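If you want the building blocks of each chain, they are given just below.
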Amino acid sequence: MDAHGKQLGSAYHGHYKRTVFLPLIASCGESGDVLGAQLRPGNRREVTDCEDFMVSMADGVRQHAADRVIIRLDAGFNNGVVFTQLEAEGHHYVMRLRKNKMLEALAAPYVEDCSYETKTYVELEYGAQS
């Protein structure tokens, strides 16, 4: 989120190459409704101090709107601290991973036709060394 002028809490972010805020936003995937937001300084990484926000948003939805909540995260939230807290609180999640040559090699036999007409889902197990 671009900052305009010298707004309190804005900071230069090297990836975006401009002065920004880096908010956390929770929305409902089915309706697109915004469930909550937290404005954060622009010099943070996506994954910094986000676990409590995610858990509180998911808890609120589970308490007031749905029996089952699945949290979708972008690749920037790929962090063991996040996984540990979500799993400890009993929350399910799905996440896009950054490029990974080992996972690409595991998936290669199943990625023959990338047409948008057909979707194939395969479950694979992989444990990184680190």
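Chains are numbered independently. Their residues run from 1 in the order of the written sequence. At least 70 in pLDDT is required for a residue's local features to be given in this predicted model, at least 80 for side-chain atom pairs to be given and counted, and no such filter applies to totals for whole chains, interfaces and linings, which use all residues. Side-chain descriptors were evaluated using all non-hydrogen atoms of the structure, hydrogens and water having been removed beforehand.

Student: How would you summarise the packing of aromatic side chains if you had to cite specific residues and measurements?
Tutor: Two measures describe an aromatic ring pair: the distance that separates the ring centres and the angle between the ring planes. A pair of Phe, Tyr and Trp rings is counted when the ring centres sit within 6.5 Å of each other, with Trp represented by its six-membered ring. The angle between the planes then sorts it: under 30 degrees is stacked, over 60 is edge-to-face, the rest tilted. A complete count under the given rule lists one aromatic pair for this structure. Here the aromatic rings of F83 and Y93 are separated by 5.4 Å at their centres, their planes lie at 0 degrees, and the arrangement is stacked. One end of the pair, F83, is in helix α2 (residues 80–88); the other, Y93, is in strand β6 (residues 92–95), with ten residues separating them in the sequence. F83 sits in the partly exposed class, given a relative accessible area of 21%. Secondary structure is summarised from DSSP: a helix means a run of H or I of at least four residues, a strand means a run of E of at least two, and numbering begins at the N terminus for each. Whether a residue is buried, partly exposed or exposed follows from its accessible area with a 1.4 Å probe, protein chains only, as a fraction of its type maximum: under 20%, in between, or over 50%, in that order.

Student: Pulling in residues and values, what's your account of α2?
Tutor: Where α2 begins, the side chain of N79 points an oxygen toward the backbone nitrogen of V81, at a separation of 2.6 Å. Residue G90 follows α2 closely and has a positive phi angle near 80 degrees. Distance and chemistry together define a polar contact, namely a pair of N or O atoms within 3.5 Å, with one atom able to donate a hydrogen and the other to accept it when in protein, and with adjacent residues in sequence counting only for side-chain atoms on both sides.

Student: How would you explain unusual backbone geometry if you had to name every residue and give the values?
Tutor: Notably, K17 is not glycine yet its phi reads approximately 55 degrees, a positive angle. Relative to the assigned elements, K17 resides in the loop between β1 (11–13) and β2 (18–20). The class for K17 is exposed, based on a relative accessible area of 62%.

Student: Break down the confidence of the model for the protein chain for me, with residues and values.
Tutor: In low-pLDDT segments, the atomic positions of the prediction should not be examined closely. A score from 0 to 100, pLDDT tells how confident the predictor is in each residue. Summing up the model confidence of the protein chain, the mean pLDDT is 83 and the portion of residues at 70 or higher is 92%. Across the protein chain, the element-wise mean pLDDT spans from 85 in helix α3 (residues 101–107) up to 92 in strand β4 (residues 34–38).

Student: Before we move on, can you summarise the environment of E123 with the specific residues and values?
Tutor: Looking at where E123 falls in the secondary structure, it is placed in the segment after α3. In this structure the C-alpha to C-alpha distance between E123 and A107, which are 16 residues apart in sequence, comes to 9.6 Å.

Student: I'd like a rundown of helix α1 (residues 51–64), residues and numbers included.
Tutor: One less than the residue count of a helix, multiplied by 1.5 Å, gives the span that helix is expected to have. The first and last C-alpha atoms of α1 sit 20 Å apart over 14 residues, in line with the 20 Å expected at 1.5 Å per residue. Buried within α1 we find E51, F53, M54, V55 and A58. Residue contacts follow a heavy-atom distance rule, with two residues in contact if any of their heavy atoms lie within 4.5 Å. Those residues of α1 hidden inside the fold are in contact with β3 (24–27), β4, β5 (70–73) and α2.

Student: Explain the environment of M95 to me, using residue names and the numbers behind them.
Tutor: Assignment of secondary structure puts M95 in strand β6. Look at M95 and you get buried, because its relative accessible area is 16%. Placed 21 residues apart in sequence, M95 and D74 show a C-alpha to C-alpha distance of 5.8 Å. Those residues in contact with M95 that lie beyond four places of it in its chain are L73, D74, F77, N78 and F83.

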